[in-house]
Amino acid sequence: MLKAAITGIGMSALGRNTQRPCIDLLVDAALEAMADAGLTRDDIDGITTYPGKHEGSPGMSPLGCTEVREAMGLKTHWHSSSSEGPAQMSPIMIAAMAVSTGQARHVLCFRALTESSSQSAGRRASVPVGDGGRIGGWTQWLVPMGALSASTWAAQFARRRMHEFGATREQLGAQCVLQRANAQANPRAIFHGKPMSIDDYLNARMIADPLGMFDCDIPIDGACVVIVSATDAARDCRKPPIGIAAMGAGLTRRDSWDQRADLTQMASLDACEDMWTRTDLKPADIDIAALYDGFSVFVPMWLESFGFCKRGEGEAFIGEGHTALTGSLPTNTGGGQMSAGRLHGFGHLHEACLQLWGEGGGRQVAGAQTAVVGMGGGPLAGAMLLQRA
């Protein structure tokens, strides 16, 4: 186990078109996380985020480390932000390495977005566009074909899995409906109070065949903070620390969504294989899973990557009820990004910690002591194993 633990979590109110400044959302989440850990601003000596300040995509990442440090009056001497690394998990992993090597004692890791307020019909986030010059990088294979959104890229995975394994929309819909049901027990979820049936799912408009509207996560305004502490410093915090038992990165294969040898798998496979080499625990030892669901098809792919079922069996695993709160592997217990709102993986980590601290309320999984968290889609991924101390 790394010499690192999660000691506090915080989340702002989540909403759509709130028009609140992003720094306000971030401060709310940060103050809640520090109170959760029993720390003050003077205790925070490190700060990390993903992907850092990003001007080219409206509301996707308006804040960098420096702005947050100055706005909150933090006395940090170590910080890091980058869009390159093991997907959205990179700041948590970097923070764990920082406290393990003595660079910091308590690191504030954050994700803050105003994607909902910042977008309009002509101004969208996370959509690559050309500027009249030659297109380079991995988008050169997608943009000329009109594949401008991750929904079209993810749809390729879904269609290939249907062709190879016989996966069905009903199986994907089963996970969407389960997560919506979980959101009814999560007051912070965007779709709290808005249940969904399988008929609602199947009758929703198509976005990128075979993915419909409810196969996609929900852009929101919100912020989430996770505090990573050195294990010796964590002993003085308010709650039992959640140990980071192992972590793994998926960066080893081609940096592409569509030019992969196997379009039924993502970088999640590499991240999970890497993670399991760093622990004696096995998939059978895991109580809950928090798996990135930018699109519904990512969930069965992550299930297979972590080894909870065999290749090609992820959708059937869902269809058989294993990922329900009462199943063998409760998954995305707070509603996930498809029903709680898109915090680019940080919401998943927040929910996993709530469960391990026994604070899940009406969605609490009894006796949860271990959790896996997977973040990322396509060519980048990060996997983490958490264990309550």
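Below, the structure is looked at part by part.

Basis of the calculations
Residues numbered from 1 in each chain as written. Predicted model: local features only at pLDDT ≥ 70, side-chain atom pairs only at ≥ 80, totals over all residues. Heavy atoms only, no water. Buried < 20%, exposed > 50% of the residue type's maximum accessible area, 1.4 Å probe, protein only. Helix = DSSP H or I, 4+ residues; strand = E, 2+ residues; numbered from the N terminus. Pairing = 2+ DSSP bridges. Salt bridge = Lys/Arg side-chain N within 4 Å of Asp/Glu carboxyl O. Core = buried A, V, L, I, M, F, W, Y, C linked by side-chain atoms within 4.5 Å. Contact = heavy atoms within 4.5 Å. Axes fitted to C-alpha atoms, helices over the stretch in contact; angles between N-to-C directions. Parallel < 35°, antiparallel > 145°, perpendicular 65-115°, else oblique. Left-handed = near helix turned anticlockwise from the far one by under 90°. Nonpolar A, V, L, I, M, F, W, Y, C, P; charged D, E, K, R; others polar. Disulfide = S-S within 2.5 Å. Phe/Tyr/Trp six-rings, centres within 6.5 Å; stacked < 30°, edge-to-face > 60°. Lys NZ or Arg CZ within 6 Å of the ring centre and 35° of its normal. Expected span 1.5 Å × (residues − 1). Arc of directions from axis to C-beta.

**Describing the pairing of strand 11 (residues 381-388)**
Most of strand 11 sits inside the fold, with six of its eight residues counted as buried. Taken together, the six bridges between strand 10 (residues 370-375) and strand 11 define a ladder with antiparallel strand orientation. By the bridge assignment for strand 11, Thr370 is matched with Gln387. Count of turn residues in the strand 10/strand 11 antiparallel hairpin: five residues, of which Gly376 carries a positive phi of about 120°.

**Structural notes on the pattern of salt bridges**
What the rule picks out here adds up to 18 salt bridges. For Arg238, the salt bridge goes to Asp36, with nearest N and O atoms at 3.2 Å. In this pair, Arg238 is assigned in the loop between helix 8 (231-234) and strand 8 (242-250) and Asp36 in helix 1 (residues 22-37), connecting sequence segments 202 residues apart. With a relative accessible area of 52%, Arg238 lands in the exposed category. In this structure, Asp209 engages Arg159 in a salt bridge whose closest nitrogen and oxygen atoms are separated by 3.1 Å. Of this pair, Asp209 sits in the loop between strand 5 (206-208) and strand 6 (211-212) while Arg159 sits in helix 5 (residues 150-165), and the two are 50 residues apart along the sequence. Through salt bridges with shared partners, a single ionic network connects Asp36, Arg238, Lys239 and Glu359.

**Looking at the nonpolar core**
Nonpolar side chains in soluble globular proteins generally cluster together in the buried interior. Counting 96 residues, the largest nonpolar core has Ile6, Val228, Phe298, Trp302, Phe306 and Leu386 as the members making the most contacts within it. For Leu386, the residues in contact, after removing those within four places along its chain, are Ile6, Ile242, Gly243, Ile244, Leu349, Ala352, Cys353, Leu356, Gln369, Thr370, Ala371 and Val373.

**Re the packing of helix 9 (residues 268-276) against helix 10 (residues 298-306)**
Taken N-terminus to C-terminus, the directions of helix 9 and helix 10 make an angle of 30°; their axes are 8 Å apart at the nearest point. When the axis of helix 9 is compared with that of helix 10, the two are roughly parallel. When you trace helix 9 past helix 10, the crossing you get is right-handed. The segment helix 9 lies against helix 10, with Ser268, Leu269, Cys272, Met275 and Trp276 engaging Met301, Trp302, Ser305 and Phe306. Here the residues of the contact of helix 9 with helix 10 are counted per class, giving seven nonpolar, two polar and no charged.

**Brief notes about unusual backbone geometry**
The omega torsion across Tyr50 and Pro51 is -5°, close enough to zero to call that bond cis. The peptide bond linking Asp209 to Pro210 adopts the cis configuration, its omega dihedral lying at 15°. In the Ramachandran plot, Asn332 falls in the positive-phi region, its phi being about 55° despite a non-glycine side chain. Considering the arrangement of structural elements, one finds Asn332 in the loop between helix 11 (314-319) and helix 12 (336-339).

**Description of the state of the cysteines**
What the rule picks out here adds up to zero disulfides. Cysteine Cys109 remains unbridged, with the sulfur of Cys65 as its closest cysteine sulfur at 9.4 Å. The thiol of Cys176 is not disulfide-bonded; the next cysteine sulfur, from Cys216, is found 8.8 Å away.

**Focus on the environment of Val228**
When you line up the elements, Val228 lands in strand 7 (residues 221-230). Counting along the chain gives 40 residues from Val228 to Arg188, while the straight-line C-alpha distance between them is 23 Å. When neighbours within four sequence positions are excluded, Val228 is seen to be in contact with Ala4, Ala5, Ile6, Ile92, Ala95, Ala96, Val99, Arg105, His106, Val107, Cys109 and Ile244.

**Concerning the packing of aromatic side chains**
If you walk through the whole model with that rule in mind, you get four aromatic pairs. Taken together, a centroid distance of 6.4 Å and an interplanar angle of 25° make the contact between Tyr292 and Phe298 stacked. Judged on exposure class, the residue Tyr292 and its partner Phe298 are both buried. On the numbers, 5.7 Å between centres and 90° between planes, the contact of Phe295 with Phe298 is edge-to-face. The exposure class of Phe295 is buried, given its relative accessible area of 10%. Take Phe298: its relative accessible area is 1%, and that puts it in the buried class. Joined through ring pairs, the aromatic side chains of Tyr292, Phe295 and Phe298 make up one cluster. Lys239 extends its terminal NZ or CZ atom over the ring of Trp357, reaching a point 3.6 Å from the ring centre.

**Overview of helix 1**
In a regular helix each residue adds 1.5 Å, so 16 residues correspond to 22 Å; helix 1 covers 23 Å between its end C-alpha atoms and thus fits that length. Within the sequence span of helix 1, burial applies to Cys22, Leu25, Leu26, Ala29, Ala30, Ala33, Met34, Asp36 and Ala37. Down the axis of helix 1, the smallest arc covering the buried residues is 160°, so these residues share one side. Elements that come into contact with the buried residues of helix 1 comprise strand 1 (4-11), helix 2 (65-72), strand 4 (106-114) and strand 7.

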